[in-house]
Amino acid sequence: MRKKEYYNKEEVVENQYTTGKEYMTKNRVEYIGLYHKYITGEVYTLATYNPNKSIPLITYQEESADIKLYKTNKSKIKTKYNTPNIFYPSPTTADIKKKRMTRYVLKNVSTNQIFETNLQTVKNYQKKKIDNNLYQLETIEWKISGPLNTTTINGITQIGVIEENIQTIRNKSKKMSGLLQYFKSYSEFYTDTIYEIPENINQSFSSQPTTTSTSTPTSVSTSY
C-alpha cells in the first residue's frame, strides 16, 4: 500500500524502464521492466499505478557469494542434520602453557550468523552430521600469552598478541566474511602468567625429619 492515497502529477515519475540490477521485489527477485516512482521514495511496477497489479520495489542488492553457494547446493541438501552447538570457549591450563588456544567458528551462510562451537560439533561437521552446505567452518589458533604489543629489543622484533591475532583473523576473513566484525577484542583471554613447577608433593617427609620445604607455584596474574 502506498504512503498516500493520492499523488498529483508533480509527485510521480511514470513510464520508467529498468534493464535489471536496479530494483527487486521484497522477496529478492530482480525486476526488469516498466516502473514508476514517487516523491516519497516509493517505487512500484508498471508504467502507472494499478492497485490490483502494481508491486512495490526495493533497491537491488547483490546476493553474497555464501548465499549463492547455498542456493546452488540446496537441491543436494539432506533433510535431517544435527543442530550445531553454540559454545563460548575458555583457555585450559594446557592452552595457557602453550600460549595459544584453538577456537572453532561456524557461520550460517543463509543468515550470516557467526558463532563459536566445541570440538564435538567440529567432529560432527567433519562427518557431515551437520549440514556442510548451510554452515562454514574455520579453525583459529588464538594467541593468549607473550608480549601484549609488538616489541623490538636489540633489533629483534617480537610480534605482540594483539597484532598476531588481528593478522590471523584478517587471513581467515578471506575465507569467511564477517570475522572482523565478530571478533571485538584481540587480547581476549590474554594472560601474562609465569609458571613454576612445584616439588613432588607426594614425597615422604619422614626421610627429612629436620628440614622440610615445599615450593609453591607462582601466583597467576591475568590482565585483559
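Not measured: the values here are computed from a predicted model.

S.K.: How should the overall build of the chain be read in this particular structure?
M.R.: Of the regular secondary structure elements, the chain holds five helices and nine strands. Counted from the first residue to the last, the chain has its helices and strands arranged as β-β-β-β-α-α-β-β-α-β-β-β-α-α. For the chain, buried positions account for 34% of its 224 residues. With the model as given, the accessible surface of the chain reaches about 15100 Å², and the carbon-plus-sulfur share is 52%.

S.K.: Whenever I open this one, the nonpolar core confuses me. Can you help?
M.R.: Among the nonpolar cores identified, the biggest contains 13 residues, and V105, I140, W142, I144, I169, L179 and F183 are the most heavily contacted of them. Broken down by secondary-structure element, the contributors of at least two residues to this core are strand 5 (100–108) and strand 7 (135–143). Beyond its immediate sequence surroundings of up to four residues, I144 is in contact with P91, D95, I96, K99, R100, M101, V161, E188, F189, Y190 and T191.

S.K.: Just to check I follow, could you spell out unusual backbone geometry for this structure?
M.R.: Most peptide bonds are trans, and most residues other than glycine sit at a negative phi. Phi angles above zero are rare outside glycine, and L46 is one such case at about 80 degrees. Topologically, L46 is positioned in the loop between strand 3 (43–45) and strand 4 (56–59). At F189, a position not held by glycine, the phi torsion is positive, near 70 degrees. Looking at where F189 falls in the secondary structure, it is placed in the segment after helix 5 (179–182).

S.K.: It is not clear to me how the sheet that holds strand 5 should be interpreted in this structure. Could you clarify?
M.R.: Ordered in space as 6-5-7, the three strands form an open sheet in which the pairing is antiparallel. The open sheet terminates on both sides in strands that have one partner only, identified here as strand 6 (114–117) and strand 7. Adjacent strand axes in the sheet meet at a mean angle of 35 degrees, parallel and antiparallel pairs treated alike. In the sheet, strand 5 pairs with strand 7 via nine bridges, with the strands oriented antiparallel. Bridge assignment links K107 to a residue of strand 7, and that residue is Q136. Strands in contact with helix 4 (residues 161–173) are strand 5 and strand 7; relative to strand 7, the strand with the most contacts, it is inclined by about 160 degrees.

S.K.: Whenever I open this one, the pattern of salt bridges confuses me. Can you help?
M.R.: Between side chains of opposite charge, a pair can form when the charged atoms approach closely. If you walk through the whole model with that rule in mind, you get eight salt bridges. In this structure, K21 engages E62 in a salt bridge whose closest nitrogen and oxygen atoms are separated by 3.5 Å. Pair noted here: K21 is in strand 1 (residues 12–24) and E62 is in the loop between strand 4 and helix 1 (65–72), with a separation of 41 residues, a long-range link. On the basis of relative accessibility, which here comes to 55%, the residue K21 falls in the exposed class. The exposure class of E62 is partly exposed, given its relative accessible area of 46%. With a closest N to O distance of 3.1 Å, E188 and R103 form a salt bridge. You can see E188 sitting in the segment after helix 5 and its partner R103 sitting in strand 5, a full 85 residues away along the chain. Judged by its relative accessible area of 1%, R103 falls in the buried class.

Basis of the calculations
Residue positions are counted from 1 within each chain, in the order its sequence is given. Thresholds applied to this predicted model are a pLDDT of at least 70 for local features of residues and 80 or more for the giving and counting of side-chain atom pairs; totals over whole chains, interfaces and linings are not thresholded and use all residues. Excluding hydrogens and water, the side-chain figures rest on all heavy atoms present in the structure. What counts as a helix is a DSSP run of H or I of at least four residues, what counts as a strand is a run of E of at least two, and both are numbered from the N terminus. Here the term buried applies to any residue with accessible area under 20% of the maximum for its type, exposed to any over 50%, and partly exposed to those in between, with areas from a 1.4 Å probe on protein chains only. For every accessible area listed, the method is Shrake-Rupley and the probe measures 1.4 Å; residues are considered covered only by the protein chains on display. Buried Ala, Val, Leu, Ile, Met, Phe, Trp, Tyr and Cys residues that are joined via side-chain atoms within 4.5 Å together make up what is termed a nonpolar core. In this description, contact between two residues means that some pair of their heavy atoms is separated by no more than 4.5 Å. The pairing criterion is simple: DSSP has to find at least two bridges between the two strands. For helices, the axis comes from a line fit to the C-alpha atoms of the stretch in contact; other axes are also lines fit to C-alpha atoms, and the angle between any two N-to-C directions lies between 0 and 180 degrees. A carboxyl oxygen of Asp or Glu within 4 Å of a side-chain nitrogen of Lys or Arg is what we treat as a salt bridge.

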